[in-house]
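Summary of structural features
In case you want the letters, here they are:
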Amino acid sequence: MFGGFSRDMGIDLGTANTLVYVKGKGILVREPSVVAIRTDTGSIEAVGNDAKNMIGRTPGNIVAVRPMKDGVIADFETTATMIRYFIRQAQKNQGILSRRPNVMVCVPSGITAVEKRAVEDATKQAGAREAYTIEEPFAAAIGADLPVWEPTGSMIVDIGGGTTEVAIISLGGIVTSRSVRLAGDEMDEAVIQYIKKRYNLMIGERTSETLKMEIGSAMPSEQNEKMDIRGRDLISGLPKTIEVTSHEITEALLETVNSIIDAVKVTLEKSPPELAADIMDRGIVLTGGGALLRNLDKLLSEETGMPVLVAENALDCVGIGTGRALENLHLFKSKSGITARSKRGR
Ligand SMILES: Nc1ncnc2c1ncn2[C@@H]1O[C@H](COP(=O)(O)OP(=O)(O)OP(=O)(O)O)[C@@H](O)[C@H]1O
C-alpha cells in the first residue's frame, strides 16, 4: 500500500506550529498554524509564517486566525485550507505536485470521537488520499526514540501550545494517559494577565511569548535576568516601556506550571508498579516547545523524585514520530490498543 515513493506524510497539526514530515526526507515544513483571512471576501491572504507576521498588525479587513485551539479544530474550513497549503509546501519541496498523499495526523489523546473525525475529514478535504490519526504522546514517544514496542515502561510529557499530554507507554500501547488543555499558550496568557495586574500595562501575545522564552523560568533562576518590553499603559492609553525580571515571570507562570506538574503526578500514581520502576531507571522524557521552558525539567524532577530529561529536538519529536508511525503502519494494525486508524474514501 505504501510504496517507496516519497509522497506519504506525517503532520504535527499543532495549535502553535505545524510540522510536515515526509517519509524518507525528514521534516520539510515547519510553519506557524496561522491563517490570514480577508473579512470582506472571506478569502485567504496568507498561511503560516506570512500570516503570523500579520498578527496584531493587520488592517481592519484582514484577520489573522489560529484555526486550531487547545489542540483541536476550532474552524473546520480554515483548518482544511491550512492543511492543503502545508501539504502543497511539502510536495513543492520535493518537486511533486500531482499525487494525493497518505497522511497521518496527530491528535491530542483526550479528544472526542467527533473532534478526531473532524481532523480526519479536514485532512481528506485538504487532498489526502487516506487520513490516519495517531495520539500525540505516542507520536512524541516514537519521535523521542523511546522503546515504545518493547515490554518496558516509558513516560512522555509533551508540552505544546494548547495541550500537555502525559502518557505511560509499553508494548506498543498507551497504558495510562492524561491530556490537559493547558500548555504554552496558557503560559503566555498568564504573563499577559500578570503584567496587566502588576503594571497596568497591556502587552500582546508575541511580547508575552518572547518574555517567557527569553527570560522565563519554571523556578527562580540564579541569574535574575531583565528585559525591557513595550505595551500600552491602561491608564494613559499611551505606549510605555517597562523592565521585567525572570523572577516575575516565574511568579506569573506558577499556576500553569503547577497544573502541568499535577498532571504528571496523577499519571505516575496510576502507573503499574513494574512500569514505574522502568520509568525510574530511564527517566521521564519531555518533548514539545513548552519543555524548553528553563528549569522545568529540574522542577519536575524535584517534585516527582524521578530523573527528567528534555528530548533532543524537543520541538520536532511529535512531527518525526507521526511520520515514522506512517512508515510502521503494519505494526499499528497488528497490535491492539493503538490509536491509528484509517478511513477509506468517501
Ligand atoms: N524556549 C522556549 N521556552 C518556553 N516555551 C517555548 C520555548 N520555545 C517554544 N516554546 C513554546 O512552545 C509552544 C509550542 O510548542 P509546540 O510547537 O510543541 O506546540 P504545538 O505542537 O503547536 O501545540 P499542541 O501540541 O498543543 O497542538 C509555544 O507555546 C511556545 O511559546
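Residues numbered from 1 in each chain as written. Predicted model: local features only at pLDDT ≥ 70, side-chain atom pairs only at ≥ 80, totals over all residues. Heavy atoms only, no water.

So, on to helix α6 (residues 205-215). Among all positions in α6, only S208, L211, K212 and I215 are buried. Projection of α6 onto a plane perpendicular to its axis shows the buried side chains occupying an angular sector of 115 degrees, all on one side. On its buried face, α6 is in contact with α5 (184-199), β15 (226-233), β16 (239-245) and α7 (246-269). (Buried < 20%, exposed > 50% of the residue type's maximum accessible area, 1.4 Å probe, protein only. Helix = DSSP H or I, 4+ residues; strand = E, 2+ residues; numbered from the N terminus. Arc of directions from axis to C-beta. Contact = heavy atoms within 4.5 Å.)

With that settled, consider a nonpolar patch on the surface. On the surface, L292, V310 and L315 cluster together into a nonpolar patch covering about 250 Å² of accessible area. L315 sits in the partly exposed class, given a relative accessible area of 45%. (Patch = residues over 30% accessible without salt bridge, like charges linked within 9 Å, V, L, I, M, F, W, Y side chains within 5 Å. Areas by Shrake-Rupley, 256 points an atom, 1.4 Å probe, with all protein chains shown as cover. Salt bridge = Lys/Arg side-chain N within 4 Å of Asp/Glu carboxyl O.)

Before going further, it helps to examine the domain arrangement of the protein chain. Along its sequence, the protein chain is organised into domain 1 (9-138 + 320-334), domain 2 (146-181 + 265-314) and domain 3 (184-253). The straight-line distance from the C-alpha centre of domain 2 to that of domain 3 is 29 Å. Residue-level contacts link eleven residues of domain 2 with 15 residues of domain 3. For the pairing of domain 2 and domain 3, the buried interface totals around 940 Å² over both sides, and the portion due to carbon and sulfur atoms is 56%. Remark: the boundary between domain 2 and domain 3 carries one salt bridge. Residue E225 is joined to R294 by a salt bridge in which the shortest nitrogen-to-oxygen separation is 2.5 Å. Where domain 2 packs against domain 3, one counts seven residue pairs in polar contact (both at pLDDT 80 or more). When residues of the side of domain 2 that touches domain 3 are assigned to their parent elements, the largest contribution, four residues, is made by helix α9 (residues 296-304). The residue makeup of the side of domain 2 that touches domain 3, split by class, is four nonpolar, four polar and three charged. (Domains from an automatic or database assignment. Buried area = accessible area lost by both parts, 1.4 Å probe. Polar contact = N/O pair within 3.5 Å; in protein donor to acceptor, adjacent residues only side chain to side chain. Nonpolar A, V, L, I, M, F, W, Y, C, P; charged D, E, K, R; others polar.)

Attention now goes to the pattern of salt bridges. Counted according to the given criterion, the structure contains 13 salt bridges. With a closest N to O distance of 3.4 Å, R198 and E248 form a salt bridge. You can see R198 sitting in helix α5 and its partner E248 sitting in helix α7, a full 50 residues away along the chain. Residue class for R198 comes out partly exposed when judged on its relative accessible area of 48%. What emerges from the salt-bridge pattern is a single network uniting R66, D185 and E205.

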